[in-house]
Protein chains: 4
Amino acid sequence: MNAFGTIYRLTTFGESHGPAIGGVIDGVPAGLAIDPAEVQKQLARRRPGQSVLTTARNEADQVEFLSGMLDGVTLGTPIGFIIRNTDHRSADYNALAAVYRPNHADFTYDAKYGIREVRGGGRASARATASLVVGGAIAMQALAKTGISISAEVVSIGGITGSIAEMENVIARAKAAGDSVGGCVQCVVRGVPAGLGEPVGSKLQAMLAQAMMSINAVKGFEYGDGFASADMTGSEAADEFTTTSDGTIRTVSNHSGGIQGGISNGEDIIFRVAFKPVPTIAKTLSTVDKNGNKIELAAHGRHDPCVVFRALPIVESMAAMVIFDAYLMNRSARF
Amino acid sequence: MNAFGTIYRLTTFGESHGPAIGGVIDGVPAGLAIDPAEVQKQLARRRPGQSVLTTARNEADQVEFLSGMLDGVTLGTPIGFIIRNTDHRSADYNALAAVYRPNHADFTYDAKYGIREVRGGGRASARATASLVVGGAIAMQALAKTGISISAEVVSIGGITGSIAEMENVIARAKAAGDSVGGCVQCVVRGVPAGLGEPVGSKLQAMLAQAMMSINAVKGFEYGDGFASADMTGSEAADEFTTTSDGTIRTVSNHSGGIQGGISNGEDIIFRVAFKPVPTIAKTLSTVDKNGNKIELAAHGRHDPCVVFRALPIVESMAAMVIFDAYLMNRSARF
Amino acid sequence: MNAFGTIYRLTTFGESHGPAIGGVIDGVPAGLAIDPAEVQKQLARRRPGQSVLTTARNEADQVEFLSGMLDGVTLGTPIGFIIRNTDHRSADYNALAAVYRPNHADFTYDAKYGIREVRGGGRASARATASLVVGGAIAMQALAKTGISISAEVVSIGGITGSIAEMENVIARAKAAGDSVGGCVQCVVRGVPAGLGEPVGSKLQAMLAQAMMSINAVKGFEYGDGFASADMTGSEAADEFTTTSDGTIRTVSNHSGGIQGGISNGEDIIFRVAFKPVPTIAKTLSTVDKNGNKIELAAHGRHDPCVVFRALPIVESMAAMVIFDAYLMNRSARF
Amino acid sequence: MNAFGTIYRLTTFGESHGPAIGGVIDGVPAGLAIDPAEVQKQLARRRPGQSVLTTARNEADQVEFLSGMLDGVTLGTPIGFIIRNTDHRSADYNALAAVYRPNHADFTYDAKYGIREVRGGGRASARATASLVVGGAIAMQALAKTGISISAEVVSIGGITGSIAEMENVIARAKAAGDSVGGCVQCVVRGVPAGLGEPVGSKLQAMLAQAMMSINAVKGFEYGDGFASADMTGSEAADEFTTTSDGTIRTVSNHSGGIQGGISNGEDIIFRVAFKPVPTIAKTLSTVDKNGNKIELAAHGRHDPCVVFRALPIVESMAAMVIFDAYLMNRSARF
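Rules and cut-offs
Residues numbered from 1 in each chain as written. Chains lettered and ligands numbered in written order. Predicted model: local features only at pLDDT ≥ 70, side-chain atom pairs only at ≥ 80, totals over all residues. Heavy atoms only, no water. Helix = DSSP H or I, 4+ residues; strand = E, 2+ residues; numbered from the N terminus. Rg over C-alpha atoms; globule rule 2.2 N^0.38 Å. Buried < 20%, exposed > 50% of the residue type's maximum accessible area, 1.4 Å probe, protein only. Contact = heavy atoms within 4.5 Å. Buried area = accessible area lost by both parts, 1.4 Å probe. Salt bridge = Lys/Arg side-chain N within 4 Å of Asp/Glu carboxyl O. Polar contact = N/O pair within 3.5 Å; in protein donor to acceptor, adjacent residues only side chain to side chain. Nonpolar A, V, L, I, M, F, W, Y, C, P; charged D, E, K, R; others polar. Pairing = 2+ DSSP bridges. Disulfide = S-S within 2.5 Å. Expected span 1.5 Å × (residues − 1). Least-squares fit on C-alpha atoms with pLDDT ≥ 70 in both. Axes fitted to C-alpha atoms, helices over the stretch in contact; angles between N-to-C directions. Arc of directions from axis to C-beta. Core = buried A, V, L, I, M, F, W, Y, C linked by side-chain atoms within 4.5 Å. pLDDT = per-residue confidence, 0-100.

When its secondary structure is counted, chain A shows 7 helices and 18 strands. Taking 2.2 N^0.38 as the reference for a compact globule, 335 residues should give roughly 20 Å; the C-alpha atoms of chain A span a radius of gyration of 21 Å, in line with that estimate. Counting over 335 residues, chain A shows a buried share of 66%. Long-range contacts, defined as pairs at least 24 residues apart, comprise 70% of the intrachain contacts of chain A with a sequence gap of at least 6.

Pasting the structure below:
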C-alpha cells in the first residue's frame, strides 16, 4: 500500500521520470485556510540543487492543487495534487537499465514485480518524498492553528556533532572523494496536548516510527532517551511528576520523549532518525546486471554527497501527518 | 486502533485485571496445521515468574482457542482466542488508584479517556503483550512451513554485551538496589524470499518498526547498520552484488539488513530493538496523584528488575506477524 | 475480512458449533455507561426457539464481556466479548458432512478454503449474527444518548403485508408443508442530525447497504423510494425544501429516505431489506455430495420456517453500528 | 473516506468545476498490459452529450495516466490519473450559490462542512463518477485476462421494460415536459470462479451493494431473486446442485445470483440497481436558500432527462473493482 494515516490519509503515486508524481489527501477537515506558499516553501527545502554541496538537478517542484479547496479554504473533500517531473523519460539512465546499483531498490523491485522503471529509481526514487512533503505541509498548517509546531534539525553528519562548519567539511571531503556521508536528524514537536495516540496498535511512537522508517535512507528511529535508555537504570530514566504553580501536572524531566504508554503526555515529543549515506557515489563499486554478469559501476553526473539537510522537511512532514491524524482520531476518544 | 496487519490482521483486547485478555486473528489462510503446544511455549517464554531474577507473579497464560480451526487445521475463518486473567480484579492495586506512577501510562490514559482501569495498568499493562504472542506464534508456524525462521536474542543488558553471566550480575545488582535495567534485543529473520514489502507506505522496515515500537518499553528501532550508518560513508555502507556459483544474485555484505527500497532482498533481515528499564522500582520516586497532590512512591511486591529476556518471544511474534502479512500481500504483487 | 466500521469497528469470530462465538469492538469512546441487560434483550429477540412457529433450538446466548468496561462504563479500550455455544461439536450434523445443502454455503466454503466446519454451517451459520447484535446493541445505547433511535419492523411475509395474523398463517402453512417463507423488513432511524456520511466512498446508504447485505439471507436493499423511484419522474420524486416556523430547513416529503448526496439531511432515515426464505426445509431437494454423487435431502429436526422476525434486532444492530461509526467520523468533518 | 477496496484500492478526488478530477489506484499487480483506448471507450459511454435525448455538455473526458505503467504495462506501483475539467470555474452556476436544489447534496454538504463548492455540485456531481470508471476500466482489463467479463444493461425506464423504442419515448416525453425519469439496470458477471468473497464482513454481495449504492442516484440494490425472494417459499427459491457430464458441480437454477454464503459459486453473478430520476428538471420546484428564504426554482440549460444509459459503464466499473479486489484477496484464502 502506498498510503499513510487513518482519518487524515495520504495516498501517493509517481515514478521519478514519469509525467508527474502526486497524491490525494483524504480526511482533511473543512474550513481550514491553506497557504500554498507555505507548502511550496517546504518543497523548496527538500529540493536538490540548492548549494554547491548538493546535486545540480534543479526541478521547480511546483505543486498544482486540483481539488478540495475553494479560494484557499478546504472543503472537507479530498485534496488531489500533482507535481510535474521536468526531467521525465530522458535517456539519461538507459545505460543502467539492467544494472543493479548497490543499496538501491533496483534488484528488489525486479525481484518483486518482474518489471521496473529504470530511469531515476522510479517509485523508489527520493523524488517520491516530494508528495509526502505536500501532505505534511497541509497537516503542519492545520496543527499550527491548534498551537502545535514541528521542527527538525541535523544533529550529526558523518559522526560530527555540534559544528555546522565541521559538518560541511565532512560533506565536502566526501564529495571530493567521490563518496557520500550519512547523518542524524532530531525532531521536536511542541504544543502537543496530552492524550494523542492509541493504546496498543497505533501507539504514537509506533506511528511516528512507521512514518520515519518510510523515508528513503532512514535506518533507525528512537524517541526520548532511545537506545541510550537500554543502558540506564529505572531510577535514571524516571520522569517524576510534579504540579506547576498553575496546577498543571508535568514531568520534571523528559526521558520519555513526550509519550507514555503510547499516548502523548503534554511534554515536547522528541525523536531522532538515522540516515545512511547516499548509495549513489562516484567511487567504483562491483555489482551485477539482471543476468548476473559482473559489472564495475561508478556514478557520473549530479548526485548529492549528503541528503540529510534536505531530509528535514520530509521528517517534519511525516511527523505532521502522524500527529494530525492522531489529533483527529482523538476526537473520538470520549463519548 | 488496537489492530495490526492488512491481510493477516490481529485485533486484541483486554485489561490486565479484567476477566480475560484475547484477540481475533483475521486473514489466516485455510489448511494450516497449528500446534497449540508451540503457541503455549512462546507464551511460557514471555511469562513472569520464571527465575529468582524475575517477578513472582505466576499466571498460567493458558490460551483457549475458540474458533477458526478444525482438528488443529485452520478453516480460513477468524481465530478467536482468550487468556483468562487469574489475578483479576484483586484489591492489590487499590492504593494506587489515584496515583500517577512515573513512566507509566496512568497519567496519559486519564488525560485521554477521563477514566482508567487502575488495577495493574489495565490495557497498558505488559500483560497485553500475551495476545500479541498468540498472534505471532500462529504466524511463525505458517512462516516455518515456507522456510522462514525468526530468532531474537538479548545483545545487551544495562550496557553489558557478550557475557550472559555479567548481564545476570547487572540484573541482580539492580534488583538488590531496588532498581531495574534496560537492554537491547537483536532479531534475525532467515529464509525470507526477495520481494516482501511495499514501495512507499508499507515498507518492510516501516512495518517492522511500527510493530516493535508497539511493544511496551521499546524506545528505539534500527535495522542493518542502523544508527551506526549515520556515521559511515557510502563506500563503507555499500552492499555490493555478486553472483553465486549457482547463479543466484546475492550481496557480499549485509549493511542493508536484508531490506532495500523497503523490500526484502533475500538476505537475513536483521534489526535491533532498545528496551528502557522497567519503570516500576522499589526506590522511592516523587510523583503526584490525580488531584496534583505530591506523593512519594516506592513499588512493593513482585516486580521484574529486567524484562528484556521475557521480551524475546514478543519481538519474534511481532516480526512474524509483519513478515507473514507481507508474505500474503506479496501474492498480489504480480498479475 | 470479518470486520465492520472505520472508527467504531467490530471484528467477529466463531463457528456455530465451536466452543464460542464472539468479537472485539474497537473504537468505543470512553465514558459511556452500558446496560448489559439491554444487550441481552436484543440477543433474546434474535434467539431461535421463542414460539411454536420457530425452531426449538434453545441457547441462552449469554454474552460475557471480557474487557473495555469498568463498573459498566466504557474505558475507551476495546470491548472483547464471547458467547459460548451450548450445542457445540455434537454429532448431530455428521451425516451431512459431505453433502452440499442447496442455497447454503457448504459448496462455496469448500470451493474457497478446501476445508470447512460441517456442523451447523460453521461460520456461515445464522448463529454468527449474535456477535453482530452485541456490537450493535452497544452502538444503539451510545446513539440513544445522542437522541438517535432505531426501529425495524416486518412489513411483509411471503407476500402478505399489513396483517400480522395473515403473516402468521403463511408461516404456519409453510411449516406444515415442510417449507419456509421469506419477508421484508423496514427500518427507520430517527433523530439523526444532518451531516452524517461521506462524499464518495462511504456514502451513508452505501455503508447501510453493505451492512444489511452482510446479514444472512438478505437479497436486497433499498432506501427512500428505492426501486419504486426507478418508475417515477423527477417531479414526483422531488423533496422540496421548506422552512419551519422555528427557522429549521426541512424537506416537505421524504422520497430521499433521509439521505441526499450520501449524507443525512436530518429527516428520518428509512430503508427496506428483503430476506429470502430459509433454505433448510423438510421438503426433499436434490443435491450432490463433495464427490459429485447425487443425493436426496430433506431436513429433519428443528428449523425455522421463517427467520424474518428474528432478523429485526440484527437489522437494527447493523444500522446502529453504521450510524454510530458515521457519527464519530463526522467529528472530523470540520476543522 | 473517498476510497474503495482493500488490495485493489481506488482513492478519488475532484470537484466538477475545479481544475481536474482524478484518482490513485493502489494495489494494481505488476505485468498487466493496459489498453488506454479501452479506458477511454468506457469514459465515452459515460459522457453526457451523446444524443439529442441527453445533455449538450460535451467534455472530452481525456484521462491522463501519470504513473504506474511503463510502455503500457503496469509496474505494480500506484496508477495516478487525472481528467481535466474543461468547463471549470465558470460563472454558470453562480445564481444558485445559496440555493438548496431539491434532492441534490447542496443542503447536506453545507450541513456537514459549513462550506461547499457551489458550481456544478462540486464533489457530489455525477462528474465524479468518471474517476470511478477509470478505476473500473483497469480492473475490467485485468479480469478479462482471467476470463471474467462484466456487462450491464438497462432493464427498465420509467416503468417500461423490454422495448427500447418505448423507453426512448418515455425519455422524450419527460424531456418535453421539463421532467426526468428513472430506471433500472441489470448487471451480469460471467466467468467468476467459485470462492470469491469473504465470510462475514466482506461478503461479495455486501461489497457489490456498497459499490452500487455509492453511484449517484442509486436507490436500491438486489441480487439473484432479490426483493422477489421475500415473497417466495424455500422450495421455490432452491438452487439444487447437480453434477455435469464433466464432473463439475453446478446449480440447476440460479435464484442465488451466483453468490451463496457471501462467496461466489461459479454461476453468473446477477444483480440489479435502481436509479431515481435526475433531480435537475425544468419544472418549477419550491425550495429555500441558505438563509431559509423561499425560492421558486426551475433548471435552465443542458440537463439529462435520464442518466440510466450513461450509468451502464459506471455500474460495470464498480462491479469490476469489487470482483477484482475479491479475486486478489482470494489469493490468500489457502495456505
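Facing the 103 residues of chain C at the interface are 103 residues of chain D. When residues of chain C are sorted by the area they lose upon contact with chain D, Lys 112, Lys 219 and Phe 241 of chain C head the list and together hold 10% of the total. Summed over the shared surface of chain C and chain D, the result is 2 salt bridges. With a closest N to O distance of 3.7 Å, Lys 112 of chain D and Glu 198 of chain C form a salt bridge. The tally of links between chain C and chain D comes to 60 residue pairs in polar contact (both at pLDDT 80 or more). Considering every element that reaches the side of chain C that touches chain D, the biggest residue donor is helix 2 (residues 106-113) of chain C, with 7 residues. The residue inventory of the side of chain C that touches chain D, partitioned by class, reads 43 nonpolar, 40 polar and 20 charged. In this sheet, strand 11 (residues 218-223) of chain D lies alongside strand 11 (residues 218-223) of chain C in antiparallel orientation, the contact comprising 3 bridges. Paired with Phe 221 of chain C across the strands is Phe 221 of chain D, a residue of strand 11 of chain D.

For the structure shown, the criterion picks out 0 disulfides over all chains. Cysteine Cys 306 of chain C shares no disulfide, and the gap to the nearest cysteine sulfur, in Cys 184 of chain C, comes to 12 Å. Looking at the unpaired Cys 187 of chain D, the closest cysteine sulfur is the one in Cys 184 of chain D, lying at 12 Å. Using a relative accessible area of 0% as the deciding quantity, one classes Cys 187 of chain D as buried.

For helix 7 (residues 312-329) of chain C, with 18 residues, the first-to-last C-alpha span of 26 Å sits near the 26 Å given by 1.5 Å per residue. Most of helix 7 of chain C is tucked away: 17 of the 18 residues are buried.

This brings us to the relation of the copies chain C and chain D. Both copies of the chain are placed relative to one another by a rotation about an axis and a shift along it. When chain C is brought onto chain D, the operation consists of a screw motion whose angular component is 180° and whose axial shift is 0.0 Å, with 0.0 Å RMSD remaining. Both copies of the chain, as the preceding transformation shows, are related through a two-fold rotation axis. Interface overlap between copies is the fraction of interface residues in one copy that are interface residues in the other; for chain C against chain D it reaches 100%, indicating a shared surface.

Residue and element names in this part refer to chain C. With respect to topology, 5 strands assemble into an open sheet ordered 1-2-3-7-4, the strand pairing being antiparallel. The open sheet has two edge strands, strand 1 (3-4) and strand 4 (63-65), and neither has a second partner. Of the pairings in the sheet, the one linking strand 2 (residues 9-13) to strand 3 (residues 20-26) comprises 5 bridges and is antiparallel in character. What sits directly across from Phe 13, in strand 3, is Gly 22. Across the sheet, helix 1 (residues 36-46) touches strand 4 and strand 7 (79-84), and the angle it forms with strand 4 is around 150°.

Positioned with a positive phi, Asp 71 of chain A is a non-glycine residue whose angle comes to about 50°. With respect to the helices and strands, the residue Asp 71 of chain A is situated in the loop between strand 5 (69-70) and strand 6 (73-74). A residue is classified by how much of its surface remains accessible, and Asp 71 of chain A, at 74% relative accessible area, is exposed. Even without being glycine, Asn 103 of chain C reaches a positive phi, approximately 65°. Relative to the helices and strands, Asn 103 of chain C is located in the loop between strand 7 and helix 2. A relative accessible area of 9% places Asn 103 of chain C in the buried class.

On to the environment of Asn 103 of chain B. The spacing of Asn 103 of chain B and Val 278 of chain B is 175 residues in sequence and 8.9 Å in space, taken between C-alpha atoms. Leaving out residues up to four positions away in the same chain, Asn 103 of chain B has contacts with Ala 237, Ala 238, Asp 239, Ser 256 and Gln 260 of chain A together with Lys 276 and Pro 279 of chain B. Within polar-contact distance, the side chain of Asn 103 of chain B engages the backbone nitrogen of Asp 239 of chain A at 2.6 Å.

We now examine helix 1 of chain C. In an α-helix, one full turn covers 3.6 residues, which means residues spaced three or four apart are oriented alike. Residues and elements named next belong to chain C. Those residues of helix 1 lying buried are Val 39, Gln 40, Gln 42, Leu 43 and Arg 46. In a view along the axis of helix 1, the buried residues occupy a sector of 160°, so they form one face of it. Check the buried side of helix 1 and you find it contacts strand 4, strand 7, helix 3 (129-145) and helix 7. The opening residue of helix 1 is Asp 35, an N-cap whose side-chain oxygen sits 2.9 Å from the backbone nitrogen of Ala 37.

With that out of the way, let us pick up the nonpolar core. Grouped together as the largest cluster of nonpolar side chains are 305 residues, with contacts concentrated most on Phe 271 of chain A, Phe 271 of chain B, Phe 271 of chain C together with Phe 271 of chain D. Looking at this core, the element that brings in the most residues is helix 7 (residues 312-329) of chain A, giving 14 residues.

For the rest of this paragraph, the subject is the confidence of the model for chain A. On average, residues of chain A carry a pLDDT of 93, and 93% of them reach 70 or more. The ipTM for the predicted assembly is 0.96, set against a pTM of 0.97.

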